[in-house]
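Here is what each chain is made of, one letter per residue.
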Amino acid sequence: FGDISATTSFKRVETLKRLLQRQDLHPRLVHGSDYPLPAIKLVVQTGKLVDAGLLTTNERDLLNECYDFNPLLFDLAVKRAVRYNGCRFLDCIFR
């Protein structure tokens, strides 16, 4: 079992791609925020997520607005929005 707290960090983009596709592991994962890291804007770089094909530019713009309002909500929203090759984090992770 594990959590997805640091999976959207700019250093873990390639790992995030693999994890999104390993949906067989998702029932063993739980959401975690890794607070206070989401409140440090340099840790999650939405531009890198766009470059990696995990977010669209429009999603990035909306998520960046969310960050300015509430970094913890931003963290959750990013994890709900990222996808790779049609795979995203399953709902069971966020219950």
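The structure presented is a predicted model; accordingly, all values stated were derived computationally and were not measured.

Caption draft 1: Fine view of the pattern of salt bridges. The final tally for this structure, using the stated rule, is seven salt bridges. K41 serves as the salt-bridge partner of D68, at 3.3 Å between the closest nitrogen and oxygen. Remark: K41 occurs in the loop between β2 (29-30) and α2 (46-51) and D68 occurs in helix α3 (residues 57-69); sequence separation between them is 27 residues. With a relative accessible area of 59%, D68 lands in the exposed category. The exposure class assigned to K41 is partly exposed, which follows from its relative accessible area of 47%. A salt bridge links E59 to R83, with the nearest nitrogen and oxygen atoms 3.1 Å apart. Taken together, the positions of E59 in helix α3 and R83 in strand β3 (residues 83-84) put the pair 24 residues apart, joining distant regions of the chain. A relative accessible area of 30% means that R83 is categorised as partly exposed.

Caption draft 2: How the structure looks around the packing of aromatic side chains. Inspection of the entire model under this criterion finds one aromatic pair. Relative to F74, the ring of Y67 lies with its centre 5.2 Å away and its plane at 90 degrees, an arrangement referred to as edge-to-face. On the basis of relative accessible area, F74 is assigned to the buried category, the value being 2%.

Caption draft 3: Region of interest: the state of the cysteines. All told, the structure shown has zero disulfides when counted by the stated rule. Cysteine C92 is unpaired, with the sulfur of C87 as its nearest cysteine sulfur at 13 Å.

Caption draft 4: How the structure looks around the side chain of H26. You can see H26 is positioned in the loop between α1 (13-21) and β2. At 3.2 Å, the side chain of H26 forms a polar contact with the backbone nitrogen of L90. Not counting chain neighbours up to four residues away, the residues in contact with H26 comprise L19, L20, R88, F89, L90, C92 and I93.

Caption draft 5: The arrangement of the nonpolar core in detail. Ranked by size, the top nonpolar core spans 22 residues in total, and within it I4, L16, L49, L54, F74, V82 and F89 carry the most contacts. Only α1, α3 and α4 (71-81) provide two or more residues apiece to this core. By residue number, the principal contributor to this core is α1, which donates four residues. Filtering out sequence-adjacent residues up to four positions away, L54 remains in contact with V13, L16, K17, L20, L49, A81, V82, R83 and Y84.

Calculation rules
- Every chain is numbered independently, its residues counted from 1 as its sequence is written.
- Only residues with pLDDT of at least 70 get local features here, since the model is predicted, and only at 80 or more are side-chain atom pairs given and counted; chain-wide, interface and lining totals rely on the full set of residues.
- Working from all heavy atoms in the structure, the side-chain values ignore hydrogens and water.
- A carboxyl oxygen of Asp or Glu within 4 Å of a side-chain nitrogen of Lys or Arg is what we treat as a salt bridge.
- In this description a helix means any DSSP run of H or I spanning at least four residues, a strand means any run of E spanning at least two, and both kinds are numbered starting from the N terminus.
- For every residue, the accessible area (1.4 Å probe, protein chains only) is compared with the maximum for its type, and the residue is labelled buried under 20%, exposed over 50%, or partly exposed between those bounds.
- Put simply, two rings from Phe, Tyr or Trp (the six-membered ring, in Trp's case) pair if the centres are within 6.5 Å, and we call them stacked under 30 degrees between planes, edge-to-face over 60, tilted for the rest.
- In plain terms, two cysteine sulfur atoms within 2.5 Å form what is called a disulfide here.
- The term polar contact refers here to a pair of N or O atoms within 3.5 Å; inside protein, the definition further demands a hydrogen-donor-capable atom paired with an acceptor-capable atom, and it admits residues adjacent in sequence only when both atoms are side-chain atoms.
- In this description, contact between two residues means that some pair of their heavy atoms is separated by no more than 4.5 Å.
- Joining through side-chain atoms within 4.5 Å is the link that ties buried Ala, Val, Leu, Ile, Met, Phe, Trp, Tyr and Cys residues into a set, and such a set is a nonpolar core.

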